[in-house]
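Take a look at the letters that make up each chain.
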Amino acid sequence: MKAAFFTTNGPAKTVLQVLDVARPEPGPGEVRVRVTLSAINPGDMWMRANSSPEDFGPVGELRGRIPHQDGTGVIDAVGAGVDTNRIGERVWIWMAGSPWGTAAEWTVVPSEQAVRLPDGASDELGAGLGIPAMTAHWCLHADGSPKDSTVLVAAGAGAVGHFAIELGKIAGARIVTTVSSPEKATLARAAGADLVVNYRDADAVQQILDGTGPVNRIIEVALTDNLELDLAVAAPGATIVTYAAQPVDPTLPVFRLMWPNLVLRFALFLTEPRDALLRAAADITSALERGLLSPLPVHSFGLDDVAAAHEAVESGVTGKVVLDLR
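First, a word on what this report is: a plain description of the structure on this page. (Residues numbered from 1 in each chain as written. Predicted model: local features only at pLDDT ≥ 70, side-chain atom pairs only at ≥ 80, totals over all residues. Heavy atoms only, no water.)

**Let's talk about the packing of aromatic side chains**
Let me state the cut-off plainly: Think of it this way: a Phe, Tyr or Trp ring, Trp meaning its six-membered ring, pairs with another when their centres are within 6.5 Å, and the plane angle makes it stacked under 30 degrees, edge-to-face over 60, tilted otherwise. Residue burial is assigned from relative accessible area. The probe radius is 1.4 Å, only protein chains are included, and a residue is buried under 20% of its type maximum, exposed over 50%, and partly exposed in between. Two conditions define a charge located above a ring, namely a distance within 6 Å from the ring centre to NZ of Lys or CZ of Arg, and an angle within 35 degrees of the ring normal.
Inspection of the entire model under this criterion finds 1 aromatic pair. Judged by centre distance (5.6 Å) and plane angle (40°), the ring pair of F255 and W259 falls under tilted. For F255, a relative accessible area of 54% translates into the label exposed. Over the ring of W106 we find R23; its NZ or CZ atom is 4.9 Å from the centre of that ring. Above the face of the W106 ring, R34 is positioned so that its terminal group lies 4.7 Å from the ring centre.

**Concerning the nonpolar core**
Put simply, the test is: In this description, a nonpolar core means a group of buried Ala, Val, Leu, Ile, Met, Phe, Trp, Tyr and Cys residues linked to one another through side-chain atoms lying within 4.5 Å. Numbering goes from the N terminus for both helices and strands, where a helix is a DSSP run of H or I of at least four residues and a strand is a run of E of at least two. Domain start and stop positions are those given by an automatic or database domain assignment. The contact definition used throughout considers only heavy atoms, calling two residues in contact when any of these lie within 4.5 Å.
With 44 residues, the main nonpolar core has W92, W94, L129, M134, I284, L288 and L293 as its most contacted residues. When residues of this core are traced back to their parent elements, those giving at least two are α4 (130-141), β10 (150-154), α5 (159-170), β11 (174-179), α6 (182-191) and α10 (274-289). Residues from two domains meet in this core; each of domain 1 (2-122 + 295-324) and domain 2 (133-270) gives at least three. Contact partners of L129, with chain neighbours within four places excluded, come to D70, W92, F163, I284, L288 and L293. By size, the runner-up hydrophobic cluster in this structure holds 29 residues, among which are F6, A103, A307 and A309.

**Digging into α10**
In plain terms, the rule: Helix span, expected: 1.5 Å multiplied by one less than the number of residues in the helix. Here, the arc refers to the directions that run from the helix axis to the C-beta atoms.
A rise of 1.5 Å per residue sets the reference length of α10, with its 16 residues, at 22 Å; its end C-alpha atoms lie 23 Å apart and thus fit the reference within 8%. If you check which residues of α10 are buried, you get A276, L277, A280, A281, I284, T285, A287 and L288. The buried residues of α10 occupy an angular sector of 170° when the element is viewed end-on, so they sit on one face.

**Quick notes on empty space enclosed by the protein**
What counts, and what does not: In this analysis a 1.4 Å probe is tested at points of a 1 Å grid over the protein atoms alone, and where it fits but cannot get out there is a cavity; an open set with protein on both sides within 12 Å along at least five of seven lines is a pocket; lining residues have an atom within 4 Å of a point. Grid points are joined across faces, edges and corners, and a volume is the space filled by probe spheres set on the points. Side-chain classes follow a simple rule in which Ala, Val, Leu, Ile, Met, Phe, Trp, Tyr, Cys and Pro form the nonpolar group, Asp, Glu, Lys and Arg form the charged group, and the remainder, Gly included, forms the polar group.
Under the defined criterion, the tally for this structure stands at 2 cavities of 30 Å³ or more. In this structure, the largest cavity is lined by 13 residues; those nearest its centre are M47, R65, I66, P67 and H68. Class assignment of the residues belonging to the lining of the largest cavity gives a composition of 5 nonpolar, 5 polar and 3 charged. Its volume calculated, the second largest cavity comes out at about 50 Å³.

**Details of the environment of L277**
Residue placement: L277 occurs in helix α10. Residue classification places L277 among the buried residues on the basis of a relative accessible area of 2%. Residues contacting L277, with those up to four places away along its chain left out, are W94, M95, M134, F269 and E272.

**Quick notes on the pattern of salt bridges**
Applicable threshold: For this document, the term salt bridge refers to a Lys or Arg side-chain nitrogen within 4 Å of an Asp or Glu carboxyl oxygen.
Tallied over the entire structure, the rule returns 16 salt bridges. A salt bridge links K2 to D304; the nearest nitrogen and oxygen atoms lie 3.1 Å apart. With K2 in strand β1 (residues 2-5) and D304 in the loop between β16 (298-302) and α11 (306-314), the pair connects residues that are 302 residues apart, well separated along the chain. Residue D304 is classed as exposed on the basis of its relative accessible area of 55%. Where E112 meets R274, a salt bridge forms, and the shortest distance between an N and an O atom there is 2.4 Å. Residue E112 is located in the loop between β8 (106-110) and β9 (114-116), and its partner R274 is located in helix α10; the two are separated by 162 residues in the primary sequence. On the basis of relative accessible area, R274 is assigned to the partly exposed category, the value being 34%. The network of salt bridges with shared partners includes R90, D123, E124, D324 and R326.

Now the structure itself:
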């Protein structure tokens, strides 16, 4: 089969190559998926640049890694202990592991990490779930239901932000989100945000306070950049959940966090509790069945253009970048 592959860390054009490698076989409890779309996340850039030797595994005669954790496809083989009725099932994939990522014609994952994709859900929507939607779910629910609370979602036109808006509305929260342009504001409103504010506006804080009042939960992608705004709009006892790291760590104003009894939580998909991941997958699939989730704009590349696809993600393109293997 054809697969994107890297054997060392470095820039996309330097280390990513497309090779013919042996097709994997599913082990006990696993399924093999014929990949249709392989979705790319910012975390895949980090892994390409920072994978350690233990992250590389044997693929044929080489030792390395096939990138990407998310995608969609069709199950074409199952391992021992997996119901053979799953063969032919369309699925969305989360946390495909090393070395068998989704940037290949086939991948293998534990059966529960290939989740049935409802008939009404497109491959493009399914491929964009995984890390973004499950991160959003954890940020919303890690401290209990957000029902009847006001949630501020930073970067509402980003992948995590998009699904935080949609999943937050499903859970009964009021959603305010920040964006940086009119085009992104349009995407955030389409996702269902109750209030959309351009964080570059001089009166962004006042717009939020006038529109929703103080917020109970903040889902943050850029804590260093946005901490001042977050502190200005947080209600007493609010939780700030940050799911991404910036090159420069924030300086925490301890007393300003302490006085209103704020909670600062850090969230990482890869180390999220297993039961929370499975609950997120179930809730996301339920939302798909009800037609309550939507895709971001998709930027499609062929497998042979995997390096260019990575560069598109690194450039900050709005929407979802995928490799199309159909």
